[in-house]
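Next come the chains, spelled out residue by residue.
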Amino acid sequence: MMYCSKCGAQVAPGSRFCSGCGASIADGAGLHTQQGARLPRKDPAVAALLASLPGLFGLLGIGHIYVGQTGKGVAWLIAGIILVFLGFVFAITIIGLLIAIPIWIAGFIIWIVLIFGAHSAARKFNDAVQRTGQAPW
Ligand SMILES: [Zn+2]
């Protein structure tokens with residue numbers, strides 16, 4: 001049994017086009033022999049959302065965990081919790097604010113960078129799955 005490498009639909013032997021997505025199938029190119037060979041796509045919008053919303057609460061890296069960069073995501077998750085903790089601890093005193101404010105600014109910049117990072121990582125993931133059928137990391 002063959003499956004379309006674009007959408008994963010089952011393709012009847014000898015057909016020229018995929019019945020699922022209409023992709024042309026030339027000489028068996030664009031076909032997988034196993035359904036499991038195709039990894040599910042990662043939605044860049046979902047990756048960006050998962051990076052942005054929990055990130056507002058200091059939970060960074062969720063978008064990277066979603067696209068499969070688990071190590072990087074968990075590292076940012078831990079770093080984000082430490083940043084928020086330090087941000088509050090230093091903000092208790094007026095002099096501490098001098099340290100707390102740069103921490104919050106740094107956290108904000110990291111938050112923005114990780115949103116864009118998760119978005120582009122999802123696209124890289126999809127490109128790699130499209131080309132090789134495997135995750136790029
Ligand atoms: Zn298809």
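Everything numeric here is computed off the predicted structure, so don't read it as measured data.

Turning next to helix α1 (residues 44–56). With 13 residues, α1 extends 18 Å between its outermost C-alpha atoms, agreeing within 8% with the 18 Å of an ideal straight helix rising 1.5 Å per residue. For α1, the full list of buried residues reads Ala 47, Ala 48, Leu 50, Ala 51 and Gly 55. The arc enclosing the buried residues of α1, seen along the axis, measures out at 160°, which places them on a common side. The exposed set on the far side of α1, more than 90 degrees from its buried face, consists of Ala 45 and Leu 56. For α1, the elements touching its buried residues are α2 (62–66) and α4 (94–132).

All right, on to the packing of helix α3 (residues 70–91) against α4 then. Any two packed helices are characterised by how steeply their axes cross, that is the angle between the axes, and by the distance between the axes. Packing of α3 against α4 brings their axes to within 8 Å, and their N-to-C directions diverge by 155°. Classified by the angle between their axes, α3 and α4 sit roughly antiparallel to one another. Here α3 runs over α4; the crossing is left-handed. Here α3 contributes Trp 76, Leu 83, Leu 86, Gly 87, Phe 90 and Ala 91 to the contact with α4, which in turn contributes Gly 96, Leu 97, Ile 99, Ala 100, Ile 103, Trp 104, Gly 107 and Leu 114. Class assignment of the residues belonging to the contact of α3 with α4 gives a composition of eleven nonpolar, three polar and no charged.

Another point: the nonpolar core. Within the largest apolar cluster, 15 residues are counted, with the highest numbers of intra-cluster contacts made by Ala 47, Ala 51, Val 67 and Ala 118. Elements that contribute at least two residues to this core include exactly α1, α2 and α4. By residue number, the principal contributor to this core is α4, which donates six residues. Discounting residues that sit within four places of it in the chain, Ala 118 has contacts with Ala 47, Ala 48, Leu 50, Ala 51, Gly 63, His 64 and Val 67. Grouped together as the second largest cluster of nonpolar side chains are five residues, Met 2, Cys 4, Val 11 and Cys 18 included.

Conventions adopted
- Residues numbered from 1 in each chain as written.
- Predicted model: local features only at pLDDT ≥ 70, side-chain atom pairs only at ≥ 80, totals over all residues.
- Helix = DSSP H or I, 4+ residues; strand = E, 2+ residues; numbered from the N terminus.
- Expected span 1.5 Å × (residues − 1).
- Buried ≥ 20, exposed ≤ 12 C-beta atoms within 10 Å, placed from the backbone.
- Arc of directions from axis to C-beta.
- Contact = placed C-beta atoms within 7 Å.
- Axes fitted to C-alpha atoms, helices over the stretch in contact; angles between N-to-C directions.
- Parallel < 35°, antiparallel > 145°, perpendicular 65-115°, else oblique.
- Left-handed = near helix turned anticlockwise from the far one by under 90°.
- Nonpolar A, V, L, I, M, F, W, Y, C, P; charged D, E, K, R; others polar.
- Core = buried A, V, L, I, M, F, W, Y, C linked by C-beta atoms within 7 Å.

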